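Here is what each chain is made of, one letter per residue.
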Number of protein chains: 2
Amino acid sequence: MAVVGANVCPIESLDYEIVENDAYKQDWRSRGRIQVFHYQILKWVLALLVGLIIGLIGFFSNIAVENIAGFKLLLMSNLMLQSRYNLAFLWHISCNAVLAAAAAALCAYIGPAAAGSGIPEVKAYLNGVDAPSILAPSTLFVKIFGSIFGVSAGFVMGKEGPMVHTGACVASLLGQGGSSKYGLTWNWLRYFKNDLDRRDLVTCGAAAGVTGAFRSPVGGVLFALEEATSWWRNALLWRTFSTTAVAAIVLRSLIEYCRSGNCGLFGKGGLIMFDVSSQVTSSSSSPAMDLPSVVLLAILGGLLGALFNLLLDRLLRVYSRINEKGAPCKIVLTVAVSLVTSCCSFGLPWLTACTPCPPEMAAIGRCPTIGRSGNFKNFRCPPGHYNGMASLFLNTNDDAIRNLFSGGTGGEFGVSTLVAFFAAVYSLSLVTYGVAVPAGLFIPMILSGASFGRLLGRLLCALTGLDTGLFALLGAASFLGGTMRMTVSVCVILLELTNDLLLLPLIMLVLLISKMVADCFNRGVYDQLMRMKGLPYLEAHGEPCMRSLVAGDVVSGPLITFSSVERVGVVVDTLRRTGHNGFPVIEDDPFGPAPELCGLVLRSHLLVLLQAKAFTAHPVKTGAAEVFRKLAPFDFAKPGSGKGLAVDDLDITEEEMAMYVDLHPIANRSPYTVVENMSLAKAAALFRELGLRHMCVVPRTPGMQPVVGILTRHDFMPEYIRGLFLNIMDP
Amino acid sequence: MAVVGANVCPIESLDYEIVENDAYKQDWRSRGRIQVFHYQILKWVLALLVGLIIGLIGFFSNIAVENIAGFKLLLMSNLMLQSRYNLAFLWHISCNAVLAAAAAALCAYIGPAAAGSGIPEVKAYLNGVDAPSILAPSTLFVKIFGSIFGVSAGFVMGKEGPMVHTGACVASLLGQGGSSKYGLTWNWLRYFKNDLDRRDLVTCGAAAGVTGAFRSPVGGVLFALEEATSWWRNALLWRTFSTTAVAAIVLRSLIEYCRSGNCGLFGKGGLIMFDVSSQVTSSSSSPAMDLPSVVLLAILGGLLGALFNLLLDRLLRVYSRINEKGAPCKIVLTVAVSLVTSCCSFGLPWLTACTPCPPEMAAIGRCPTIGRSGNFKNFRCPPGHYNGMASLFLNTNDDAIRNLFSGGTGGEFGVSTLVAFFAAVYSLSLVTYGVAVPAGLFIPMILSGASFGRLLGRLLCALTGLDTGLFALLGAASFLGGTMRMTVSVCVILLELTNDLLLLPLIMLVLLISKMVADCFNRGVYDQLMRMKGLPYLEAHGEPCMRSLVAGDVVSGPLITFSSVERVGVVVDTLRRTGHNGFPVIEDDPFGPAPELCGLVLRSHLLVLLQAKAFTAHPVKTGAAEVFRKLAPFDFAKPGSGKGLAVDDLDITEEEMAMYVDLHPIANRSPYTVVENMSLAKAAALFRELGLRHMCVVPRTPGMQPVVGILTRHDFMPEYIRGLFLNIMDP
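What counts as what
Residues numbered from 1 in each chain as written. Chains lettered and ligands numbered in written order. Predicted model: local features only at pLDDT ≥ 70, side-chain atom pairs only at ≥ 80, totals over all residues. Heavy atoms only, no water. UniProt positions renumbered as here; feature names shortened; annotations may be inferred. Helix = DSSP H or I, 4+ residues; strand = E, 2+ residues; numbered from the N terminus. Buried < 20%, exposed > 50% of the residue type's maximum accessible area, 1.4 Å probe, protein only. Contact = heavy atoms within 4.5 Å. Areas by Shrake-Rupley, 256 points an atom, 1.4 Å probe, with all protein chains shown as cover. Phe/Tyr/Trp six-rings, centres within 6.5 Å; stacked < 30°, edge-to-face > 60°. Pairing = 2+ DSSP bridges. Axes fitted to C-alpha atoms, helices over the stretch in contact; angles between N-to-C directions. Patch = residues over 30% accessible without salt bridge, like charges linked within 9 Å, V, L, I, M, F, W, Y side chains within 5 Å. Salt bridge = Lys/Arg side-chain N within 4 Å of Asp/Glu carboxyl O. Least-squares fit on C-alpha atoms with pLDDT ≥ 70 in both. Domains from an automatic or database assignment.

Going by the annotation in an unreviewed UniProt entry, the name recorded for chain A is Chloride channel protein, with Oryza brachyantha given as the source organism. According to its UniProt record, chain A has this under Sequence similarities (unreviewed entry): "Belongs to the chloride channel (TC 2.A.49) family." Looking at the Subcellular location (unreviewed entry) heading of the UniProt record, one finds this comment for chain A: "Membrane".

Shown next, in the form of structure tokens:
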């Protein structure tokens, strides 16, 4: 059980093992060259289609946000120009509250799993954790529209994390040909009815999501590799790259089309994602003097990032208690946070003094600016003056970042403005994340980091010749490194955003230091969120304590096995009684010399077999031919998300209950096994590397019962093992 | 047995399994917090040290090549200016031949394993194949100096592949604290005495090698990920990235230092790696018209790349027959190829007509150029004219590439010049690769591809508005995609070289198409070379035929087992008689109820135990304490490269031969096992994913002997399985 979007839902594991039963062998033998070709083509078409769709969604989401937020800001700006300040404030605060309420309502009533960033859920899914609503169509819908409304509402949140989740949802739904709940499954997608191919497609989708958010194809691939996936193959690298390439090309061409002004408020001014100019590097200073200040920035960024994770953890525990109380509470909380944000963004500029325009900017008419774009907002200031705080706060987040990154404008924002803005954004990021709205963490971290970096650049300008815009960029990097602990992908994403490879060494240095500093205190924010939600993530490396335990130690509960030819009643009762998903099948008396492990049957396969009613009156081995007269191999394939068969769907008469069913045809004849005295660390390595769902533990000494127990994902969780240990030590 | 640099040497497998014997448990229990900290620090220090050293080597190698080649070209140029053409030719041809002979002699006599690119060997090592000389100090020495001489000799070859091999060698030697052959092992490196940590370090080294060659840190990481490694973990991504970052920073700062003219002929003019200007994108044309020509380029590039692989395969078979005849033959072959190359590079410009300088270039005094740098070589041309062929051929390869990539100079090279140059370079690349000199394939492919692309750009200039320099870049991408089948890493390397991310979509498109086209014909060139050398590379996916076989089918030969307390004579005889490296230990009569698998012992551990002479007169279980009074756990650690203990090193008396030795303390108590009826495909997945060296096959039915056989890497090779099949079908 795990908390997904403040709702508790049952967790299942995905299974990447080849289930070598007769159905599989039959299916495999029946595949000719044409089927293999069909499968290959399908794999590529789906991957490219995912790229195309994500490109379109990314574009749509951008355009919607820019138009809604742009309209909101324009109207307010006009009211301000008419000096109708109260009306402007009212418009600002109510407009934000309505948008926030809409986003929260969508999220609370339609798709609770869509709240938050979504990256922890995607990461868990790609690790083999399947919570039903993670990738459902309703989640996709809420993720797209909730994120549009949320970002437009002026929250300090991004649409980048949600885009990753959106990408994963789109990929998952495409892989199933829609959702089986709505009857949308196509027969020609039958080759994709397994966890492995779906996982690959979802990996492509997550990568494309990053590309859709940042227009960064290489960064998308690296994100998928570094943060999202738990298994990786070279073939996947190449397919993921193609997907992100398609997404990037679609997005770029659409943006190009919009530049000519066809998309409403989009693409006219600064509302495109930050194209940071490369002039920020055009400073010539002595590296010996610059290095200490950059290192200082990185260390402080790492500390503040780790602090953010700590505070977020505490705050989310409070929030989850509020969110648990139901949908109305969620909406109220969201609106309350929205009111605070609106007051900050409208109020803080009033407290800030006006700054005279720099003469060279005034000369070319770029200061002060009236309207939406431009760095120097004239907010209630006399002519020739601008309000720095308004330039940052009464803007979309993207524009604020662009203003902070802009080079060659060292004195634009005063120290006090930057301090206030940093403090406000840092706290708003914290209080915003837990509300029931799809909310990414990239933009808040970039925003806080950039203001912090720029502030430090201002303070250290006597010591270093580096541009304050560059400092802002490095500050953003240090915050991303400090909270998310991503390195290569953040580096590449920042490079692709700034289009300046000469910055690479500095960005790398900052990321290395900030991650290292933050790692001393706590874990990355996504790992922390995953753990808080209770998603059973299998780490690549086991806990040290696993080395001193053996596999037999953690096997628990009475083992439930079936005979190879079993009474139907026993099977049905067992399925009703337990929630287990895999059962060892023991070949005993009439069918073999001594009890031996015949294989492992899955609950889903048992249900299909029972539904087909391939029963016999006496315990005889009917063989595969009998079963495959009634069932095709594809009937055993895993259905898409949504419910598969349940044991209550079966309609079995009392008479049939007394009959027998031959489990040989559906038993996975060679499940992966470990000997009971293998150390848990080695067993975990096997379990993790092969992506198993069930692993049989066999006894060391022959002649006893052939299986000692079954290990599942749950048995490798550090919490479970620690609990077990306490019990052992406390008899 | 495999061919490494035309020498046949025995192959061993690396072992990434945790050998869970008493020695390991003792060692693990004895590690406190300080030891763990020591290990962590060491891991990072070594990784960063690798980066630093590779940076320095990369710089040294660049500076040496530029100075030697620069001196050679300058002298020739001066002789030409004095119209002493015969002398110039004689100087050119003899200088090249001497350098070539020196490189070949180094390679033939000191380090035969250093011939060729080295990437296939590194790839095989990282897959778990250990041929002793692959990463030896002699190989490192020859790789560095052989490659410097070879590239200076004007061969069409690069120093990029050799840099990767150099990086791997440096990492491997550092990880062992030098070579045990020369007695250079330090005790504080004892935690690195295992294959897993060495593999990680070698991965870092290979990535740093790419960075050292191309100054491309992200490209280096992606190269390691895409082409080099077979196993990958997220923790490694982060460490590899730090290594390449250090290498890039070192290299950049040294090059910066050289720009002021402190490094001889280095860094004055064009002799730094190509800094392609971004102006090549500054063309505005309709994408609808450009796309077909780019697609055409990519398809042709893919075809020519596949053809290159095919021809190279044929040619190398001929060459290997010559190289087998001994070192003198190798040298003669190398000098012969050098003579052909020199004649081409000196002769072809004579056959090319002079071209009048473009007026705008002549006006600013940049045409013709006399001396080393510049695009427009005046080679026996009247004033105001230049010789296009000389600009390409009488230059270092790096300069030629830069000339081809240069934008805004559409008409610089005539169609006939480009045709002749392309044909010459393509054939010279083919005939050069097989000679006994460290030779990379990157530069030849970039050179051929760039000339081909530029040629196509000239021919299609009516159809497309893209710059011919951009076409040259895309041509290089298409050739790299067509031969090496790398995608993401080539893309990033080209981006980091050109520093222009706007090119990304086009480069990606070209790479995707060219790889796809070439994949229809044959495999990538490195896979092909690995196969030709007989390196037993384990593919990520097994052959389809493996699905219809079971593990028991491929078990062959009589199984050799030991009792858990065995006669010393039996052990020594067995070790003498067989070359096996792992033996199952069977617990039988006095020590257990029925014969059962006690574990697996490794040859290396047996030898250490025998040398320590922990023998008893009677067959009793002495236990671990007895053994660890004579031996420390680290005595069992794997020594560095070079010979470990051999069975002939043992000095065991006849009397001792009749005594008994207890194998319990050194037996890996829980080796990974598979049941004999598991499909070979599943067994292969287990073997590959966990990086095993030995895998025990246990019988399905209990009560018989506890082990049926042992599977090793060899048993999963498609060639072996196919051979076995023929035998089965042909009784």
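What follows concerns the overall build of chain A. When helices and strands are counted, chain A shows 27 helices and 15 strands. Burial analysis of chain A (731 residues in total) assigns 61% to the buried set. When contacts within chain A are restricted to residue pairs at least 6 apart in sequence, long-range pairs at least 24 apart make up 79% of them. Per element, the accessible surface of chain A, about 26200 Å² overall, is 62% carbon and sulfur.

So, about the packing of aromatic side chains. Residues and elements named next belong to chain B. Tallied over the full model, the rule gives 36 aromatic pairs over all chains. With a centroid separation of 5.4 Å and an interplanar angle of 85°, the aromatic rings of Tyr85 and Trp350 are classed as edge-to-face. Residue Tyr85 is found in helix 3 (residues 85-110), and its partner Trp350 is found in helix 11 (residues 327-351); the two are separated by 265 residues along the sequence. Using a relative accessible area of 24% as the deciding quantity, one classes Tyr85 as partly exposed.

It is worth spelling out unusual backbone geometry at this point. Residues and elements named next belong to chain B. We note that Arg215 has phi near 55°; this positive angle belongs to a residue other than glycine. Located in the positive-phi region is Arg485, a residue other than glycine, with phi close to 60°. Structurally, Arg485 is set in the loop between helix 17 (468-484) and helix 18 (488-498). A relative accessible area of 7% means that Arg485 is categorised as buried.

A word on the sheet that holds strand 7 (residues 562-563) of chain B. Residue and element names in this part refer to chain B. Strands sit in the order 7-9-10 across an open sheet of 3 strands; the sheet is mixed. Two strands bound the open sheet, and with one partner strand each, they are strand 7 and strand 10 (596-602). Set on the sheet, helix 23 (residues 603-612) makes contact with strand 7, strand 9 (582-587) and strand 10; between it and strand 10 the angle comes to about 80°.

Moving on to a nonpolar patch on the surface. A cluster of nonpolar side chains, Phe37(A), Ile41(A), Val45(A), Leu49(A), Leu52(A) and Leu56(A), forms an exposed patch at the surface whose accessible area comes to about 510 Å². In this structure, Leu52(A) sits in helix 2 (residues 33-81).

Looking now at the UniProt feature "transmembrane region" (unreviewed entry) in chain A. Residue and element names in this part refer to chain A. Those residues carrying the UniProt feature "transmembrane region" (unreviewed entry) are residues 41-65, 86-114, 134-156, 291-311, 418-447, 459-481 and 501-521 in this numbering. End-to-end, the C-alpha atoms of residues 41-65 are 36 Å apart, and along that stretch the chain is 100% helix and 0% strand. Annotated as residues 459-481, this span is 65% helix and 0% strand, and its ends, taken at the C-alpha atoms, are 22 Å apart.

You can overlay chain B on chain A at an RMSD of 0.0 Å; the transform is a turn of 180° with a shift of 0.1 Å along its axis. The superposition of one copy onto the other is thereby described by a two-fold rotation axis. Both copies present the same face, since 99% of the interface residues in chain B are matched by interface residues at the equivalent positions in chain A.

Per the domain assignment, the segments making up chain A are domain 1 (45-259), domain 2 (285-533) and domain 3 (544-729). Taken over C-alpha atoms, the centre of domain 2 of chain A sits 52 Å from the centre of domain 3 of chain A.

Our focus in this paragraph is the environment of Phe214(A). With respect to the helices and strands, Phe214(A) occurs in helix 7 (residues 195-214). In this structure the C-alpha to C-alpha distance between Phe214(A) and Val572(A), which are 358 residues apart in sequence, comes to 52 Å.

Here we come to the pattern of salt bridges. If you walk through the whole model with that rule in mind, you get 36 salt bridges over all chains. Of the charged contacts, one joins Arg700(B) and Glu587(A) as a salt bridge, the two residues approaching to 3.8 Å between their closest N and O atoms. Of this pair, Arg700(B) sits in the loop between strand 14 (695-698) and strand 15 (709-711) while Glu587(A) is found in strand 9 (residues 582-587), placing the two residues in two different chains. On the basis of relative accessibility, which here comes to 25%, the residue Arg700(B) falls in the partly exposed class. Note that Arg523(B) and Glu539(B) form a salt bridge whose closest N and O atoms lie 2.9 Å from each other. Note that Arg523(B) is positioned in the loop between helix 19 (504-519) and helix 20 (525-533) and Glu539(B) in the loop between helix 20 and helix 21 (551-554), a separation of 16 residues in sequence. One continuous salt-bridge network, built from bridges that share partners, spans Lys123(A), Glu227(A), Arg523(A), Asp527(A) and Glu539(A).

All names here are of chain B. Examined against the element boundaries, Phe149 turns out to sit in helix 5 (residues 137-152). Phe149 gets classed as partly exposed once you look at its relative accessible area, which sits at 24%. Excluding residues within four positions of it along the chain, Phe149 makes contact with Ile68, Leu99, Ala102, Ala103 and Leu106.

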